[in-house]
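One letter stands for each residue in the lines below.
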Amino acid sequence: MFQLFYQSALQYNRFNIVTVKTSGEMSSARDLARYSLRVLFITFINMLGIPSYLTWFLLLQPLKLYNPKLFWKIESILFRSLLTVVTTWLYSGGYTIVESGDSLEGIMDDEAVVLVNHQSTSDVPVVMSAIHNKSLVSGRVMWVMDDIFKYTNFGWISYVHGDFFIVQGKEARSDSLEKLESHINSMYKTTFKKWIILFPEGGFLRKRRFRSQEFAKKNQLPVLQHVTLPRVGALKVIIDNLTPQTTANKDSLTPQTTANGGSPGVQESQSNQKTLKWIIDMTVGYPGATPYNSHGMFVGYWPPRKVQIHYRVYPMSDVPTDREGLTNWMYKRYQEKEVFLQEFYTKSKPLDESDEEKRYMSRIERRDLEMDVIVASLCYLFHVCSFIFFWYYLYSPVFRILGFFLSFIF
């Protein structure tokens, strides 16, 4: 089913590339038909895939008590399958991810924070597309996202997966950081996750640019156009809770013991072994400095294009952990992002050609990320078959029982 959809969509994009639509343009009947079919297909898959994942998650709860490591490994495979499904919506629309920079091959099983510049709603599916083929790490990520995302259809998945939803705004900032610290200790450390994906700018570029520039002028900082000055609060909380020095300090200040006066149990020991090893700086560049929105990409409304992603990997030994040092380090990284994106937007210079810094990891050749159609088709097939099985043996019996009891009330 997906293979037919994917191939037909690519065929259309190859020979019938639509032009950029102005406000006064009318979409052709063929375009409208294609958009409608894609909307119906994506809605259909959402109606099957989301219940499928959530049902498996609930049915596997006994395994979580008996063998949590196996449970979260299975969950990571389920989550990765959904990321693959989302990725197909971009690729079938003609949107390709081009990656460059430092190799991630040797660190995909290490604890790391991924820092991403934030431009539009398309950033999340674009990052999903970039990591969907990065081994099992794509299923073992913890996303730190705006709280509003929790109320979307995929927000249900993210919630049970263990992602963190941060409330924006100065009034809620302190409370949000306290909740993030609690979430790291209760969820990230105990669910065998590896990467934390963070958008440090705290909002979309178009919404934050003016305030960021005003702040920069007031504090004699560089005025940035293509990124905004990052906020370091969330990263500081992550570093404080996932570095050995801080952990040791915290343990000495607030020693924990079990009910019988001994040392903490196995779960606590596993938690303490989680140590942040890398910072992965990910720069996302959209041709023409015009990021699309995610819904337009999903339905294939926007013209096909290649989105560039550039990685820079830094070991934690190179990253300051005090607030002032970390702030300066982050500002410098984002000033460098500004240069990369300026060259990319004005001269069409690939991001990797502007990056001349020598770092720890070896470089990869710039390359287009390919979609494995067979793997994607198997992901679709799994969720469709799972939904059909659950419908006949779980959902329908439950609905009949509920209907029986409701018949006495109404």
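In this text the structure is predicted, and so the values were computed from the model without any measurement. (Residues numbered from 1 in each chain as written. Predicted model: local features only at pLDDT ≥ 70, side-chain atom pairs only at ≥ 80, totals over all residues. Heavy atoms only, no water.)

A. Structural context of the environment of Lys349. Looking at the element boundaries, Lys349 is found in the loop between helix 13 (323-347) and helix 14 (351-354). Relative accessible area serves as the criterion here: at 27%, Lys349 is assigned to the partly exposed category. In contact with Lys349, not counting residues within four places along its chain, are Glu343, Phe344 and Ser354. (Helix = DSSP H or I, 4+ residues; strand = E, 2+ residues; numbered from the N terminus. Buried < 20%, exposed > 50% of the residue type's maximum accessible area, 1.4 Å probe, protein only. Contact = heavy atoms within 4.5 Å.)

B. Focus on the environment of Gly101. Within the element layout of this structure, Gly101 appears in strand 1 (residues 95-102). Judged by relative accessible area, Gly101 falls into the buried class, the value being 1%. Separated by 252 residues in the primary sequence, Gly101 and Glu353 place their C-alpha atoms 9.3 Å from one another. Ignoring sequence-local partners within four residues, the contact set of Gly101 consists of His310, Tyr311, Asp352, Ser362, Arg363 and Ile364.

C. Here's a closer look at the sheet that holds strand 1. Taken together, eight strands build an open sheet; the order of strands is 4-3-5-2-6-7-1-8 and the sheet is mixed. What marks the edges here is a single partner per strand, and that holds for strand 4 (164-166) and strand 8 (363-368). Looking at each pair of strands side by side, their axes are set apart by 20° on average, direction ignored. Pairing geometry for strand 3 (residues 141-146) and strand 4, over three bridges, is parallel. (Pairing = 2+ DSSP bridges. Axes fitted to C-alpha atoms, helices over the stretch in contact; angles between N-to-C directions.)

D. Local environment of unusual backbone geometry. Despite not being glycine, Phe192 has its phi angle at roughly 60°, a positive value. Structurally, the position occupied by Phe192 is in the loop between helix 7 (170-186) and strand 5 (195-198). Backbone geometry at Ala289 places phi at a positive 55°, although glycine is not the residue there. Relative to the assigned elements, Ala289 resides in the loop between strand 6 (278-285) and helix 12 (294-299).

E. Structural view of the nonpolar core. In terms of nonpolar packing, the biggest core is built from 62 residues, with Trp89, Val126, Trp143, Trp195, Ile197 and Ile280 touching the most fellow members. With eleven residues, helix 4 (residues 68-91) is the largest single contributor of residues to this core. Beyond its immediate stretch of four places on either side in the chain, Trp89 contacts Arg38, Phe41, Ile42, Ile45, Asn46, Met297, Phe298 and Tyr380. Formed by 38 residues, the second largest nonpolar core is a distinct cluster that contains Leu177, Leu229, Val237 and Ile279. (Core = buried A, V, L, I, M, F, W, Y, C linked by side-chain atoms within 4.5 Å.)

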